[in-house]
Amino acid sequence: MIKEINIPKISLKAARVNANLSQQEAAELLGIDVTTLIRWEKDPRIVKSGYHERISKIYHYPTDYIFFGSITS
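A short tour of the structure in this document, coming up.

## Some points on the overall build of the protein
Okay, so step 1: In terms of helices and strands, the protein carries 4 helices and 0 strands.
Okay, so step 2: Moving toward the C terminus, one meets the helices and strands of the protein in the order α-α-α-α.
Okay, so step 3: Overall, the C-alpha framework of the protein stretches about 45 × 25 × 20 Å when taken along its three principal axes.
Okay, so step 4: A total of 73 residues make up the protein; the buried ones form 32% of that total.
Okay, so step 5: At a minimum sequence separation of 6, the contacts of the protein that also span at least 24 residues come to 52%.
Okay, so step 6: Split by element, the accessible area of the protein, about 5,300 Å² in all, is 52% carbon and sulfur.
Okay, so step 7: Within the protein, one finds 10 positive and 8 negative side-chain charges whose respective centroids are separated by 4 Å.

Conventions we followed
Residues numbered from 1 in each chain as written. Predicted model: local features only at pLDDT ≥ 70, side-chain atom pairs only at ≥ 80, totals over all residues. Heavy atoms only, no water. Helix = DSSP H or I, 4+ residues; strand = E, 2+ residues; numbered from the N terminus. Buried < 20%, exposed > 50% of the residue type's maximum accessible area, 1.4 Å probe, protein only. Contact = heavy atoms within 4.5 Å. Areas by Shrake-Rupley, 256 points an atom, 1.4 Å probe, with all protein chains shown as cover. Lys, Arg positive; Asp, Glu negative; His and termini not counted. Charge placed at Lys NZ, Arg CZ, Asp CG, Glu CD.

Given below as structure tokens:
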């Protein structure tokens, strides 16, 4: 039997900050408007799956470890 490992994920904002990028810099590298990135960081569920891999490459962080779900307060 294989035991499932629960690996914690970091927020989209934390991944960006760890990459030492401002919102403006990250938005430019992603080819999106900074307001789009701000919305994504507030609600990562709205990030289209096509951007997940792009974010991973730009932020130098594995997609599997970035949280793209619902953030509750």
